Amino acid sequence: MASGPNGGGNGGGGGGGLMKNMSLLRLQYYCVLGAVAGAVLFATLRYMPAAGSGAALSTTSALATAAAPAGSGAGAGEHRKIKGTAPAPAKAAAKVVTKPKEVVVFNFGDSNSDTGGVAAIMGIRISAPEGRAYFHHPTGRLSDGRVVLDFICETLNTHHLSPYMKPLGSDYSNGVNFAIAGATATPGDTPFSLDVQIDQFIFYRDRCNDSITRDEPAPLNMLDFERALYTMDIGQNDITSILYLPYDEVLAKLPHFVAEIRKAIEILHKNGARKFWIHGTGALGCLPAKLAMPRASDGDLDEHGCIAKFNNAAKRFNTLLSEACDDLRLLLKKSSIIFVDMFAIKYDLVANHTKHGSRSR
Ligand SMILES: *[C@@H]1O[C@H](CO)[C@@H](O)[C@H](O)[C@H]1NC(C)=O
Ligand SMILES: *[C@@H]1O[C@H](CO)[C@@H](O)[C@H](O)[C@H]1NC(C)=O
């Protein structure tokens, strides 16, 4: 039977998981199709109001508010002026002392949304062909093009998010990306696990507030933090590192991963976050690294050549995470929490790869 990926867990306090996970994450080559994923995601963003659920509606309007300068007509945010109303009073009301930023995003996650963090922190030279499809040079992304987060930023008409720990060329005027490739939701399994990313966020916000209190410049003010969109895409590394275990043991561990994500959302909410955009995990049974591992038989492959059991574990994780979001929506006051089914989007990329412009071997 397939042996575990190096570094997988027997509870040992392995500290080098990050680097080991890096090899797993290169698998995101299949995110060559990131552009398509992004397009599908935008479709999700755009058509969300049609879903009709109150929560979905309110976050869409939150997104639309953030996206207002894009002029994309993506939705009528409540702050948008409606044509045909008397212009004079509206103008008078427009003077505001503290002008909030129009789009602010804080992102937490792993390589699915790392825009250069792990490269900067670890001093890793991520080389070509990474970056070739869009930037035409490596950017620290574990992708040959953009990651989904890049497309979200573009849709909101703002520049790509700068990694929290990237010293050169960073611009935090539209938020911060705390995502680090290889990161887990489980604390301690990797150096920049979700709890650390959340601590970094709180540290960053407090330092901004300190600066403001001292009348020094800060990239963002407290209103920006309050109105920002908080996005999260994590859990893939937790799951992929245990897939060598018997299936029932895999399933038994999933609630712990979800509990960590839930805790992170609660902490962010306690610290003023209100708008959340939470990604589920992808079609992990289609990851080339998993498919390249020796297996006893092809009996567990599904119609698209993916490992059905791994995909089922991913779907189970997503169900649990989606339920946690439902729960939090009721629990957390004034919050909008959107769960995005990344499995459906990414599985479609594999299943319908020719349609999306990728040829078969
Ligand atoms: C920012 O700092 C001020 C002054 O120290 C404090 O009263 C306020 O609660 C802080 N705001 C946040 C969001 O931490
Ligand atoms: C593939 O595309 C077809 C047609 O758009 C769609 O009905 C189907 O659900 C897609 N398959 C997957 C696995 O997403």
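The shown structure was predicted, so the numbers you read here are calculated from the model rather than taken from an experiment.

What the protein chain contains, in helices and strands, is 13 helices and five strands. Per-residue burial for the protein chain yields a buried fraction of 46% across its 361 residues. Pairs at least 24 apart in sequence give 72% of the contacts found in the protein chain among residues at least 6 apart.

Attention now goes to the packing of helix H10 (residues 247–270) against helix H12 (residues 308–331). Where H10 contacts H12, the axes come no closer than 9 Å and their chain directions differ by 35°. Of the two possible hands of crossing, H10 and H12 adopt the one that is right-handed. On the side of H10, the interface is formed by Tyr247, Val250, Leu251, Leu254, Pro255, Phe257, Val258, Ile261, Arg262 and Ile265, while H12 contributes Lys309, Ala313, Arg316, Phe317, Leu320, Leu321, Ala324 and Leu328.

Attention now goes to the nonpolar core. Ranked by size, the top nonpolar core spans 77 residues in total, and within it Ile261, Ile278, Phe317 and Leu321 carry the most contacts. By residue number, the principal contributor to this core is H12, which donates nine residues.

Neighbouring ligand 2 are Tyr347, Asp348, Ala351 and Asn352. Along the lines of polarity and charge, the residues of the shell around ligand 2 split into two nonpolar, one polar and one charged.

Turning to the pairing of strand S5 (residues 336–340), a few remarks are in order. Judged by how many residues are buried, S5 sits mostly within the fold: five of five residues are covered. Burial along S5 is two-sided: Ser336, Ile338 and Val340 and Ile337 and Phe339, pointing in opposite directions, are all buried. Relative to S5, strand S4 (residues 275–279) runs parallel, the two being bridged by five bridges. By the bridge assignment, Ile278 is partnered in S5 with Phe339.

Here we come to the site of ligand 1. The environment of ligand 1 is formed by Asn209, Thr213, Met222 and Gly272. Looking at the shell around ligand 1 residue by residue, the class counts come to one nonpolar, three polar and no charged.

Attention now moves to the environment of His304. As for its placement among the helices and strands, His304 is situated in the loop between helix H11 (288–292) and H12. Distance from His304 to Asn352, taken between C-alpha atoms, is 9.1 Å for residues 48 residues apart in sequence. When sequence neighbours within four positions are dropped, the list of residues in contact with His304 reads Val350 and Ala351.

In any sheet, the strands associate via hydrogen bonds between backbone groups, in a parallel or an antiparallel arrangement. Taken together, the five strands give an open sheet; going across it, the order is S2-S1-S3-S4-S5, and neighbouring strands pair in parallel fashion. This sheet does not close on itself; its edge strands, each paired only once, are strand S2 (175–177) and S5. Each strand axis lies, on average, 15° off the axis of its neighbour in the sheet, ignoring direction. In the packing of H12 onto the sheet, the strands contacted are S4 and S5, and the crossing angle to S5 comes to about 170°.

A few words on the confidence of the model for the protein chain. In the predicted model, the protein chain carries a mean pLDDT of 80, and the fraction of residues at 70 or more is 72%. Considering only residues more than four positions removed or in separate chains, one finds that residues 1–97, a stretch of pLDDT under 50, has 136 contacts.

Cut-offs used in this document
Residues numbered from 1 in each chain as written. Chains lettered and ligands numbered in written order. Predicted model: local features only at pLDDT ≥ 70, side-chain atom pairs only at ≥ 80, totals over all residues. Helix = DSSP H or I, 4+ residues; strand = E, 2+ residues; numbered from the N terminus. Buried ≥ 20, exposed ≤ 12 C-beta atoms within 10 Å, placed from the backbone. Contact = placed C-beta atoms within 7 Å. Axes fitted to C-alpha atoms, helices over the stretch in contact; angles between N-to-C directions. Left-handed = near helix turned anticlockwise from the far one by under 90°. Core = buried A, V, L, I, M, F, W, Y, C linked by C-beta atoms within 7 Å. Near = placed C-beta within 6 Å. Nonpolar A, V, L, I, M, F, W, Y, C, P; charged D, E, K, R; others polar. Pairing = 2+ DSSP bridges. pLDDT = per-residue confidence, 0-100.

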